[in-house]
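Given next are the chains, with one letter for each unit.
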Amino acid sequence: MKKLLFTLSLLFSAFIGMNGLFAQAAVESGAKIEFEKETHDYGTIDQYADGNCEFVFKNTGNEPLVISSAKGSCGCTVPSWPREPIAPGESASIKVKYDTKRVGIIGKSVTLQSNAINSPTKTIRIKGNVVAKPQGGAPVNNSGAPTSN
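An account of the accompanying structure is given in this report. The residue count restarts for each chain, going from 1 along the sequence in the order it is written. Local features in this predicted model are restricted to residues whose pLDDT is 70 or higher, and side-chain atom pairs enter the listing and the counts only when it is 80 or higher, whereas totals over whole chains, interfaces and linings include all residues. Values shown for side chains rest on all heavy atoms present in the structure; no hydrogens or waters enter the calculation.

### A closer look at the sheet that holds strand 8 (residues 121-131)
In a beta sheet, neighbouring strands pair by backbone hydrogen bonds and run either parallel or antiparallel.
Step number 1: Taking strand neighbours across the sheet as the criterion, the 4 strands line up as 2-8-7-4 in an open arrangement whose pairing is mixed. Every interior strand has two partners, whereas the edge strands, strand 2 (39-46) and strand 4 (67-72), have only one. Strand-to-strand twist across the sheet, computed as the mean angle between neighbouring axes with direction ignored, equals 15 degrees. When DSSP finds two or more bridges between a pair of strands, those strands are recorded as paired. Runs of H or I in DSSP of at least four residues are treated as helices and runs of E of at least two as strands, each being numbered from the N terminus. Interaxial angle, 0 to 180 degrees, is taken between N-to-C directions of lines fitted to C-alpha atoms, where a helix line uses only the stretch in contact.

### Concerning the environment of Lys71
Step number 1: By secondary structure assignment, the location of Lys71 is in strand 4.
Step number 2: When the C-alpha atoms of Lys71 and Val110 are compared, they prove to be 5.3 Å apart, with 39 residues separating the residues in sequence.
Step number 3: Every residue pair with non-hydrogen atoms within 4.5 Å of one another is taken to be in contact. The contact partners of Lys71, leaving out residues within four places of it in the chain, are Pro79, Ser109, Val110 and Thr111.

### Overview of unusual backbone geometry
Step number 1: The phi dihedral of Tyr48 is positive, around 70 degrees, even though this residue is not glycine.
Step number 2: Inspection of the secondary structure puts Tyr48 in the loop between strand 2 and strand 3 (52-59).
Step number 3: Judged by its relative accessible area of 63%, Tyr48 falls in the exposed class. Buried residues are those whose accessible area, probed at 1.4 Å on protein chains only, stays under 20% of the maximum for their type, while exposed residues exceed 50% and partly exposed ones sit between those limits.

### Regarding the state of the cysteines
Step number 1: For this text, the term disulfide refers to a pair of cysteine sulfurs within 2.5 Å. Under the definition given, this model contains 1 disulfide.
Step number 2: One disulfide bridge connects Cys74 with Cys76, the sulfur atoms lying 2.5 Å from each other. Of note, the bridge from Cys74 to Cys76 carries an S-S torsion of about -45 degrees and is left-handed in sense.
Step number 3: Of the residues examined, Cys74 reaches a relative accessible area of 25% and is grouped as partly exposed.
Step number 4: By relative accessible area, Cys76 is classed as buried at 3%.

### Brief notes about the pattern of salt bridges
Step number 1: Every case where a carboxyl oxygen of Asp or Glu lies within 4 Å of a side-chain nitrogen of Lys or Arg is listed as a salt bridge. In this structure the tally under the stated criterion is 4 salt bridges.
Step number 2: Measuring nitrogen to oxygen at the nearest pair gives 2.9 Å for the salt bridge that ties Glu38 to Lys122. Of the two residues, Glu38 sits in the loop between strand 1 (33-35) and strand 2 while Lys122 sits in strand 8, which places them 84 residues apart along the sequence.
Step number 3: Residue classification places Glu38 among the partly exposed positions, given a relative accessible area of 38%.

### Some thoughts on the side chain of Ser114
Step number 1: By secondary structure assignment, the location of Ser114 is in strand 7 (residues 104-114).
Step number 2: Any N or O atom pair separated by 3.5 Å or less is treated as a polar contact, with the protein-specific requirement of one donor-capable and one acceptor-capable atom, and with residues adjacent in sequence counted only for side-chain atom pairs. Of the polar contacts made by the side chain of Ser114, one reaches the backbone nitrogen of Ala116; its length is 3.1 Å.
Step number 3: Those residues in contact with Ser114 that sit more than four places away from it in its chain are Leu65, Val66, Ile67, Ser68, Ser119 and Pro120.

Okay, structure coming up:
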């Protein structure tokens with residue numbers, strides 16, 4: 001009797017374990033988004049410099065990836081993204097333009113909404129420091145105002 005109960009409990013455990021594996025496989029089905037980098041550092045750049053950067057990503061899932069929206073944290077951070085589905089195994093990019101007419105520290109984000117099962121809401125970031133160019137040789141501070149000597 002003990003052997004029968006032991007055998008039945010082993011079979012039951014194996015059955016439960018197999019169902020868990022099938023359930024996990026079903027959950028893993030879908031689009032997945034993986035970025036090469038999630039933060040772009042402009043470093044120190046000049047006022048009015050090119051504020052464009054690019055975030056390359058790949059769909060590592062097994063279904064098409066659709067990015068439904070991309071929103072910058074303010075009006076100075078403008079993203080553009082592919083509107084068409086990204087096939088499994090394919091790469092694409094999110095382009096971000098930062099308005100560098102503003103002097104000072106950059107710390108902005110872009111929030112993406114997609115059908116990715118690993119990250120349906122994803123935030124990518126930009127950072128750096130925009131410095132004003134001296135006009136007429138007068139040194140300026142981070143606010144763009146001339147400094148006193």
